[in-house]
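# Structural description and commentary
This is what each chain is made of:
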Amino acid sequence: MKRLAMTAEKDAIASDSGFTLMEMLLVLGILSLISAVTFPALWSWLEQNQLSQSAESFVLTLSRASARAANEGIPHAIEFMPNGQKYRTVRLDSPFDQDVEIWETLLGECVFDLAELKQKPLPRGEANNSCRLWFHADGRCTSFNLEIRSGKRRRIVDLEGTTGQARIRQES
């Protein structure tokens, strides 16, 4: 009899443990509220990070093209596709290199804004109305400003023509 009473007592305790529907709904509501508040901040951070990485990668490509032109004594160019998301380095003495389709792509929603340039347009390239930025055999090029943007944020890449050095200017 004592055993039966203990078993009934355990069953009563077990049936009382657990969460009510109201408690579960309250926890879900709190988690939803936290997600709604943090998601825009996380998205903004990811967008800003992609923009910074795209700008840094492009500056590295510019520096590499300038150095290769100076070291090899052969002109190079950075060729931009008209859609504003792809670019590549082209060595200008070899028809083979012009046919290679190795395009680098900006991350995420980042695009080059070539239309905003207040300078002369870049010369046309071989690939579908692409534009080119030329590096002479000594590493020099024309001074150049290029906007890389993602949403409302943008980075300006300034290229100093006499040295071939590039730097990133942050705006908005």
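Refer to the structure printed above.
### Re the pattern of salt bridges
Opposite charge on two side chains allows them to pair when their charged atoms are near. Using the criterion set out here, one finds eight salt bridges in the structure. The closest approach of N and O atoms between R68 and E72, which form a salt bridge, is 3.7 Å. Remark: E72 and R68 occur in helix 2 (residues 21-72); sequence separation between them is four residues, near one turn of the helix. For R68, a relative accessible area of 35% gives the class partly exposed. Here R91 and E72 are joined by a salt bridge, their closest N and O atoms 3.5 Å apart.

### Regarding the nonpolar core
The biggest cluster of nonpolar side chains holds 21 residues, and the ones touching the most others in it are F58, L62, I78, F80, L133, F135 and L159. Contributions of two or more residues to this core are made by helix 2, strand 1 (76-80), strand 5 (131-135), strand 6 (144-150) and strand 7 (153-160). At seven residues, the largest contribution of residues to this core is made by helix 2. Beyond its immediate chain neighbours, meaning those up to four positions away, F135 contacts L62, A65, S66, A69, P75, H76, I78, R140, C141 and L159.

### As for the sheet that holds strand 3 (residues 104-105)
Read across the open sheet, the four strands follow the order 3-2-1-5; overall the sheet is antiparallel. With partners counted over all chains shown, the strands left at the sheet margins are strand 3 and strand 5, one partner each. Packed onto the sheet, helix 2 meets strand 1, strand 2 (86-91), strand 3 and strand 5 and runs at close to 150 degrees relative to strand 1.

### Remarks on the pairing of strand 2
Examined bridge by bridge, strand 1 and strand 2 share five bridges and lie antiparallel to one another. When the sheet's bridge partners are listed, H76 is paired in strand 2 with R91. Relative to strand 3, strand 2 runs antiparallel, the two sharing two bridges. Across the sheet, the residue bridging to K86 is T105, located in strand 3.

### Let's talk about helix 2
Here helix 2 contains 52 residues, and its C-alpha end-to-end distance of 73 Å stays within 8% of the 76 Å for a straight helix at 1.5 Å per residue. Within the sequence span of helix 2, burial applies to L51, S54, A55, F58, V59, T61, L62, A65, S66 and A69. The positive-phi residue at the C-terminal boundary of helix 2 is G73, with phi of around 70 degrees.

### So, a nonpolar patch on the surface
Taken together, the side chains of L21, M22, L25, L26, V27, L28, I30, L31 and I34 present a nonpolar region at the surface, about 940 Å² in accessible area. Examined against the element boundaries, L31 turns out to sit in helix 2.

### Re the side chain of H76
Examined against the element boundaries, H76 turns out to sit in strand 1. When its relative accessible area of 0% is taken as the criterion, H76 is described as buried. At 2.8 Å, the side chain of H76 and the backbone oxygen of I74 are in polar contact. Those residues in contact with H76 that lie beyond four places of it in its chain are A65, R68, A69, T89, V90, R91, L92, L133, W134 and F135.

Cut-offs and rules
Numbering of residues starts from 1 in each chain and follows the order in which that chain's sequence is written. Predicted model: local features are reported for residues with pLDDT of at least 70 only, side-chain atom pairs are reported and counted for 80 or more only, and whole-chain, interface and lining totals are derived from all residues. Neither water nor hydrogens contribute to the side-chain values; these are computed over all heavy atoms in the structure. The term salt bridge refers to a side-chain nitrogen of Lys or Arg lying within 4 Å of a carboxyl oxygen of Asp or Glu. In DSSP terms, a helix is any run of H or I states spanning at least four residues, a strand is any run of E spanning at least two, and both are numbered starting from the N terminus. The buried label applies to any residue whose accessible area, calculated with a 1.4 Å probe on protein chains only, is under 20% of its type's maximum; exposed applies above 50%, and partly exposed to all values in between. Side-chain atoms within 4.5 Å are what join buried Ala, Val, Leu, Ile, Met, Phe, Trp, Tyr and Cys residues into a set we call a nonpolar core. Whether two residues are in contact is decided by their heavy atoms: any pair within 4.5 Å suffices. Two strands are counted as paired when DSSP detects at least two bridges linking them. A fitted line through C-alpha atoms serves as each axis, taken over the contacting stretch for helices, and the angle formed by two N-to-C directions is quoted from 0 to 180°. What a helix should span is 1.5 Å times the count of its residues minus one. The patches reported here contain residues having more than 30% relative accessible area and no salt bridge. Joining distances are 9 Å for like charges and 5 Å for nonpolar side chains (Val, Leu, Ile, Met, Phe, Trp, Tyr). A 1.4 Å probe and the Shrake-Rupley method give the accessible areas. Residues count as covered only by the protein chains that appear here. Whenever two N or O atoms come within 3.5 Å, that pair is a polar contact, provided that in protein one can donate a hydrogen and the other can accept it, and provided that, for residues adjacent in sequence, both atoms are side-chain atoms.

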